[in-house]
Amino acid sequence: YQLVNMTSIELCNDSGVLPGELKGKAVVVMRGTCTFLAKARVAQELGARALIIASKESAFIPSMNVSQHENITIPVALMRYKDMLEAQQIFGDSMSVQLYAPPVPFLDLSIVVMLFISVFTVTMGGYWSGAEERKKMSSELNAGPAGKRAESGDVSLYSPVKVVIFVVLMCVVLVLLYFFYKWLVYVIISIFCVASAMALYSCLDALMQMIPYGKCSFSCKNTTFEVRSLFLAAFCITVAVIWGVYRNDDRWIWILQDLLGIAFCLNFLKTITVSNFKICVILLSLLLVYDVFFVFITPFFTKNGESIMVQVALGPEAAVLLKPFDLGLILEWWRSGGLPVVMRVPRLFPSAASLCGMQFSILGYGDIIVPGLLVAYCHRFDVWTNNSRKIYFASCTVAYCVGMIFTFVVMILSKMGQPALLYLVPFTLVTSAVVALACKQMKQFWAGTTYEVRTPNCFSVLVCLICF
């Protein structure tokens, strides 16, 4: 089609367009205050054969309900404004355009990578939780009264009432993030930097303790410091700071985000525990409803038809040109990359959207942590019952893997994102219950430990609310 350059207007109405000027042609207009749908209707009424929208902002196409654009018959494309300027410099005003989109692959290999990350994290987190439980039980052989922990570790065992309150608070936090994202995003990013640095230190320190060399230490004010631990702490803080500064550089920062995310999930599963299967059932069931509601139901209430969960996780559209010493723009750039609550893996096969920027497959931390809490409980139960085969831990881990594969299959067939907990929760809960019934340990599995409940500290609760 012959291209008519109208980047001086937004085409929200037909003013400024001569009769028949666009008939049988393609037109390029500026992105602005009106919606893509409004522009497409005007262009179609004026006889245009295709509409191209030039954007100075991030090249992100907002979602729309099918019923909204069912009467639009012309193709609508989005391009960067700077690309339009370059094309105009090369080809001049006499340009013709042809719309083309490469075929979308049926399966992107990034899903395989995401599957490995999720299963690895859940498996290692559950194993670590059981290993820590075995250490605590060994240390309690000569401890005080039965049923009380001799160790003062950071452990949180929730009662049913506290679980309900916890989920309600999660809903409140998510809604607040949706309405006040512009301000709260700074708080969330700062908390993640601190929590992920601490988690990375915890994971690497556990590995470092296995190395019998380099244990040089010194004392200061009756406190002993190990030199290698100080270097490790400095390294972990540096990694978190680098991520915080360069978090919007999609070319490589996703590696650091996934590294910090894996460490965060591992440390969470090791630190935060549930006391019995009853608590697991209540917690996972409520979070399943929470996930489905905020993914599937909330699009009916939002203005753009997008779910609250997706908008909070990915962040609103934001792209600015940084200027030296402009603090406001620097803060805007810093917050424009979305919340750090997802694992990200670049899509390995090209698509039309990849021309505007890197495309990622994402998986929320909650889809790892929530079923991971049950996997960790299963491993601890194996430890309590002295089960050398780890039948509960192994079966629940396999169920998580199968559930994740089923989630990806449904996502590929339906060609839309899925709330993973919708499939992971039934797979893991049913499998664990079946194993307990087969082993004739359901009563003990349901009741769990008799350990005294320990109240979690405020920072742990805040991090829990954010990550889910």
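Here the structure is shown first, and the text comes after it.
Since this is a predicted model, take the numbers as computed values, not measurements.

Cut-offs applied
Residues numbered from 1 in each chain as written. Predicted model: local features only at pLDDT ≥ 70, side-chain atom pairs only at ≥ 80, totals over all residues. Heavy atoms only, no water. Helix = DSSP H or I, 4+ residues; strand = E, 2+ residues; numbered from the N terminus. Buried < 20%, exposed > 50% of the residue type's maximum accessible area, 1.4 Å probe, protein only. Contact = heavy atoms within 4.5 Å. Areas by Shrake-Rupley, 256 points an atom, 1.4 Å probe, with all protein chains shown as cover. Core = buried A, V, L, I, M, F, W, Y, C linked by side-chain atoms within 4.5 Å. Salt bridge = Lys/Arg side-chain N within 4 Å of Asp/Glu carboxyl O. Axes fitted to C-alpha atoms, helices over the stretch in contact; angles between N-to-C directions. Left-handed = near helix turned anticlockwise from the far one by under 90°. Nonpolar A, V, L, I, M, F, W, Y, C, P; charged D, E, K, R; others polar. Pairing = 2+ DSSP bridges. Parallel < 35°, antiparallel > 145°, perpendicular 65-115°, else oblique. Disulfide = S-S within 2.5 Å. Polar contact = N/O pair within 3.5 Å; in protein donor to acceptor, adjacent residues only side chain to side chain.

> Explanation requested: the overall build of the chain in the structure shown.
Looking only at helices and strands, the chain features 15 helices and 8 strands. For the chain, with 468 residues in total, the buried portion stands at 46%. For the chain, long-range pairs separated by at least 24 residues make up 73% of all intrachain contacts whose partners lie at least 6 apart in sequence. Of the roughly 24400 Å² that the chain leaves accessible, carbon and sulfur atoms contribute 66%.

> Mind showing me how you'd approach the nonpolar core here?
Nonpolar side chains in soluble globular proteins generally cluster together in the buried interior. Leu-283 and Leu-374 are the most contacted members of the largest nonpolar core, which has 86 residues in total. In terms of residue count, the dominant contributor to this core is helix H5 (residues 181–208) (11 residues). In this structure, Leu-374 is in contact with Phe-277, Cys-280, Leu-284, Cys-396, Thr-428, Leu-429 and Ser-432, ignoring residues within four places of it in sequence. One finds Met-6, Leu-11, Leu-22 and Ile-53 within the second-largest nonpolar core, a separate group that totals 18 residues.

> What is the right way to look at the pattern of salt bridges in this model?
Think of it this way: side chains of opposite charge can pair up when their charged atoms draw near. Under the criterion given, the structure shown has 4 salt bridges. The partner of Glu-226 in a salt bridge is Arg-228, and the shortest N-O contact between them spans 2.9 Å. When the shortest N-O distance is used, the salt bridge between Asp-249 and Arg-251 registers 2.9 Å. Of the residues examined, Asp-249 reaches a relative accessible area of 17% and is grouped as buried. Look at Arg-251 and you get exposed, because its relative accessible area is 65%.

> Is there a simple way to explain the packing of helix H3 (residues 110–139) against helix H11 (residues 366–384) in this structure?
A pair of packed helices is characterised by two quantities: the angle between their axes and the separation of those axes. Axis separation between H3 and H11 bottoms out at 8 Å; the angle between their running directions is 35°. As H3 runs across H11, the sense of the crossing is right-handed. Of the residues in H11, those touching H3 at Ser-118, Thr-121, Val-122, Gly-126, Tyr-127, Ser-129, Gly-130, Ala-131, Glu-133, Arg-134 and Met-137 are Ile-368, Gly-372, Val-375, Ala-376, His-379, Arg-380, Val-383 and Trp-384. A per-class count over the contact of H3 with H11 returns 9 nonpolar, 7 polar and 3 charged.

> I would appreciate a short explanation of the sheet that holds strand S4 (residues 76–80) in the present structure.
Read across the open sheet, the 4 strands follow the order S1-S2-S3-S4; overall the sheet is parallel. With partners counted over all chains shown, the strands left at the sheet margins are strand S1 (3–6) and S4, one partner each. The average undirected angle you get between the axes of adjacent strands in this sheet is 25°. Two elements, strand S3 (residues 50–55) and S4, share 5 bridges in a ladder whose sense is parallel. Opposite Ala-54, over in S4, you have Met-79 as the bridge partner. With respect to the sheet, helix H1 (residues 36–45) is in contact with strand S2 (26–30), S3 and S4, its orientation differing from that of S3 by roughly 140°. Strand contacts of helix H2 (residues 81–91): S1, S2, S3 and S4, with the helix running at about 85° to S4, the strand carrying the most contacts.

> Please clarify how the packing of helix H12 (residues 391–414) against helix H13 (residues 421–438) should be interpreted in this entry.
Contact pair H12 / H13: the axes reach a minimum separation of 8 Å and the direction vectors enclose 150°. Comparing the axis directions of H12 and H13 gives the class roughly antiparallel. Crossing of H12 against H13: the hand is right-handed. Listed contacts from H13 to Ile-391, Tyr-392, Ser-395, Cys-396, Ala-399, Tyr-400, Val-402, Gly-403, Met-404, Phe-406, Thr-407 and Val-410 of H12 are Tyr-423, Leu-424, Phe-427, Thr-428, Thr-431, Ser-432, Val-435 and Ala-436. Residues of the contact of H12 with H13, tallied by class, amount to 14 nonpolar, 6 polar and no charged.

> Quick question: what am I supposed to make of the state of the cysteines here?
Cysteine pairs can be linked by a disulfide, which is a covalent bond between their two sulfur atoms. Per the counting criterion, the structure on display carries 1 disulfide. The side chain of Cys-12 participates in a disulfide bridge whose partner is Cys-34; the two sulfur atoms lie 2.1 Å from each other. Handedness here is read from the sign of the S-S torsion; for Cys-12 and Cys-34, about -85°, the answer is left-handed. Of this pair, Cys-12 sits in the loop between S1 and S2 while Cys-34 sits in the loop between S2 and H1; the two residues are 22 residues apart in sequence, bridging distant segments of the chain. Judged by relative accessible area, which is 30%, Cys-12 ranks as partly exposed.

> I'm lost on the environment of Ser-190 in this one. Help?
Of note, Ser-190 is situated in helix H5. Given a relative accessible area of 37%, Ser-190 falls into the partly exposed group. Measuring from C-alpha to C-alpha, the distance between Ser-190 and Val-241 comes to 9.6 Å, with 51 residues separating the pair along the chain. A distance of 2.8 Å separates a polar atom in the side chain of Ser-190 from the backbone oxygen of Tyr-186.

The quantities given are spatial measurements derived from coordinates; they are silent on function.
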